[in-house]
Amino acid sequence: MKYYISIFNLFSILFVISCSPDQESGFIIQGHINSLENGQAVLSKLDLDTNQKIDVDSSQIINGSFSFSGTIESPYLHSIFLNDSLGPIHLFLDNSKIKIVGNIDSLENVTISGSREDSLFHSISLDAIFEKETGMNLMLNKNDYTFSAFVAYYQFQVNQISLDTMKAIMRGFSSDVKQSEYFHQVSTLFKTLEATSKSKSAPDFTVPDVNGIDVSLSDFRGKTILLDFWASWCGPCRKVSPDLVKLHNQFKDRNFTIISLSVDDSRDRWLKAIEDDKLDWTHLSKLDGWGQVSKNYGVMAIPQNFLINPDGLILNKNLTIEKLTERLDQLLPKSPS
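Residues numbered from 1 in each chain as written. Predicted model: local features only at pLDDT ≥ 70, side-chain atom pairs only at ≥ 80, totals over all residues. Heavy atoms only, no water.

*Asks:* I'm lost on the pattern of salt bridges in this one. Help?
*Replies:* In a structure, side chains of opposite charge can pair up when their charged atoms sit close to one another. Enumeration over the complete set of coordinates arrives at eight salt bridges. Close ionic contact of Glu117 with Arg116 constitutes a salt bridge, the shortest N to O distance being 4.0 Å. Residue Glu117 is classed as buried on the basis of its relative accessible area of 4%. Since its relative accessible area comes to 37%, Arg116 is described here as partly exposed. Residue Arg238 pairs with Asp277 through a salt bridge whose shortest N-O separation is 2.5 Å. (Salt bridge = Lys/Arg side-chain N within 4 Å of Asp/Glu carboxyl O. Buried < 20%, exposed > 50% of the residue type's maximum accessible area, 1.4 Å probe, protein only.)

Right under this line is the structure:
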């Protein structure tokens, strides 16, 4: 299953700009893109606590060349945007001398050299970050790379990994990795995942519906609930919408309902997606993006779902439509014929 993470949801570091760092203590990025017009290059990150994109530095583009320099506390993923509309070029930044070379018509295929962390990052596809086999290999066998802690942040959310295995993975990271911001985020996430694991009470919340009326999760006590995290701009979420409609129609008369909680920030786009996809169930959103409810459930990548029993206990997490159909058919009493 593919997941959407605005690639900026992968960035958050403690970043300190230095005017002229030496090679050992800081980074230098030297880029050249053939046929690139003069203008401005922007180095950006996204804070994992606020999920806000931050432009941390800019550089003039002269004859296709640009450069950045600075110091970071620990390796972290960044993106470079060129002349506002071009890019991004993704880079897992560390304190190294890094060269970026490419062509304007294939920015996704630029060559990046000089960075140990980025070499591992670019050895796999972005989709592979969510693949369990690839992720386990990185987390267990490349545990002296901060990139592997970055992978753990998303693997822990979307894959069925036992809490004991998560603990073992965290213990296995090198001392340098354990000093990184990503490891700090993984440690915080683990506590949330522990609190929202199978058989734990689903955290209650109160969020406005499409009419602006406050609705609480506890209002649905007595029903089996699929709590679905999504957004109108999330391609993988919208792709599964027809299957959710079928699931809802199949089980809605068997004491089952869906509650979709959106991390949208645009009311118009949110309402249009609900109408276009014909999603006829309860929809909630504070329209504040990745807000407190998603944080309380350890959700920073979508789609994700939680199956909750009538007593408010979590039964399962991130089941596929096929598994959900099978599970609900087992759990729910048949409608009288």
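*Asks:* What is the right way to read the side chain of Ser96 from this model?
*Replies:* Structurally, the position occupied by Ser96 is in the loop between strand 7 (86-93) and strand 8 (97-103). Judged by its relative accessible area of 14%, Ser96 is buried. For Ser96, the side chain forms a polar contact with the side chain of Asp94, separated by 2.7 Å. With sequence-adjacent residues up to four places away left out, Ser96 is seen in contact with Gly26, Phe27, Ile28, Gly114 and Ser115. (Helix = DSSP H or I, 4+ residues; strand = E, 2+ residues; numbered from the N terminus. Polar contact = N/O pair within 3.5 Å; in protein donor to acceptor, adjacent residues only side chain to side chain. Contact = heavy atoms within 4.5 Å.)

*Asks:* What is the right way to read the pairing of strand 2 (residues 27-34) from this model?
*Replies:* Within a regular beta strand, the side chains point alternately toward one face of the sheet and then the other, so they alternate between its two faces. Residues Phe27, Ile29, Gly31 and Ile33 of strand 2 are buried on one face, while the alternating residues Ile28, Gln30, His32 and Asn34, pointing to the opposite face, are not. As judged from the six bridges shared by strand 2 and strand 5 (residues 65-72), these two strands associate in the antiparallel manner. By the bridge assignment for strand 5, Gln30 is matched with Ser67. Bridge analysis of strand 2 against strand 8 gives seven bridges, and the strand direction is parallel. Directly across from Ile28, in strand 8, lies its bridge partner Lys97. (Pairing = 2+ DSSP bridges.)

*Asks:* I tried to follow the environment of Lys99 on my own but got confused; where do I start?
*Replies:* Residue placement: Lys99 occurs in strand 8. Placed 71 residues apart in sequence, Lys99 and Ile28 show a C-alpha to C-alpha distance of 8.4 Å.

*Asks:* I would appreciate a short explanation of the state of the cysteines in the present structure.
*Replies:* Each disulfide consists of one covalent bond between the sulfur atoms belonging to two cysteines. Inspection of the entire model under this criterion finds one disulfide. Shown here is the disulfide that connects Cys234 with Cys237, its sulfur atoms set 2.3 Å apart. Disulfide Cys234-Cys237: the torsion about the S-S bond is 75°, which places it as right-handed. Relative accessible area serves as the criterion here: at 3%, Cys237 is assigned to the buried category. (Disulfide = S-S within 2.5 Å.)

*Asks:* Just checking my understanding: could you explain the sheet that holds strand 12 (residues 224-230) for this structure?
*Replies:* Backbone hydrogen bonds are what pair the strands of a sheet, in a parallel or an antiparallel way. The strand order 14-13-12-15-16 describes an open sheet built from five strands, whose pairing is mixed. Only two strands of the sheet have a single partner each, and these edge strands are strand 14 (282-284) and strand 16 (314-317). Put simply, the sheet's adjacent strands are angled 20° from each other on average, direction ignored. In this sheet, strand 14 lies alongside strand 13 (residues 256-262) in parallel orientation, the contact comprising three bridges. Bridging from a neighbouring strand, Leu261 pairs with Leu284 of strand 14. Its contacts with the sheet place helix 9 (residues 321-331) against strand 12, strand 13, strand 15 (304-308) and strand 16, and it is angled at close to 10° to strand 15. (Axes fitted to C-alpha atoms, helices over the stretch in contact; angles between N-to-C directions.)

*Asks:* I keep staring at the pairing of strand 13 and nothing clicks. Help me out?
*Replies:* Of all seven residues in strand 13, seven are buried; the element is thus mostly enclosed. Burial along strand 13 is two-sided: Phe256, Ile258, Ser260 and Ser262 and Thr257, Ile259 and Leu261, pointing in opposite directions, are all buried. Across seven bridges, the pairing between strand 12 and strand 13 is parallel. When the sheet's bridge partners are listed, Ile225 is paired in strand 13 with Thr257. As for the winding sense of the linkage, the β-α-β connection from strand 12 through helix 6 (residues 235-251) to strand 13 is right-handed. The handedness of the strand 13 to strand 14 crossover, carried by helix 7 (residues 267-277), is right-handed. (Right-handed = clockwise from strand over helix to strand, strands pointing away.)

*Asks:* So what exactly am I meant to see when it comes to the packing of helix 3 (residues 146-158) against helix 5 (residues 181-195) here?
*Replies:* Each packed pair of helices is defined by two parameters, the angle between the axes and the distance between the axes. Where helix 3 meets helix 5, the axes come as close as 9 Å, and the angle between the chain directions of the two elements is 20°. Classified by the angle their axes make, helix 3 and helix 5 are roughly parallel. Crossing of helix 3 over helix 5 shows left-handed handedness. Contacts from Thr146, Ala149, Phe150, Ala152, Tyr153, Phe156 and Gln157 of helix 3 reach helix 5 at Tyr182, Phe183, Gln185, Val186, Leu189 and Leu193. Residues that form the contact of helix 3 with helix 5 fall into these classes: ten nonpolar, three polar and no charged. (Parallel < 35°, antiparallel > 145°, perpendicular 65-115°, else oblique. Left-handed = near helix turned anticlockwise from the far one by under 90°. Nonpolar A, V, L, I, M, F, W, Y, C, P; charged D, E, K, R; others polar.)

No statement about biological role is implied by the geometric values presented.
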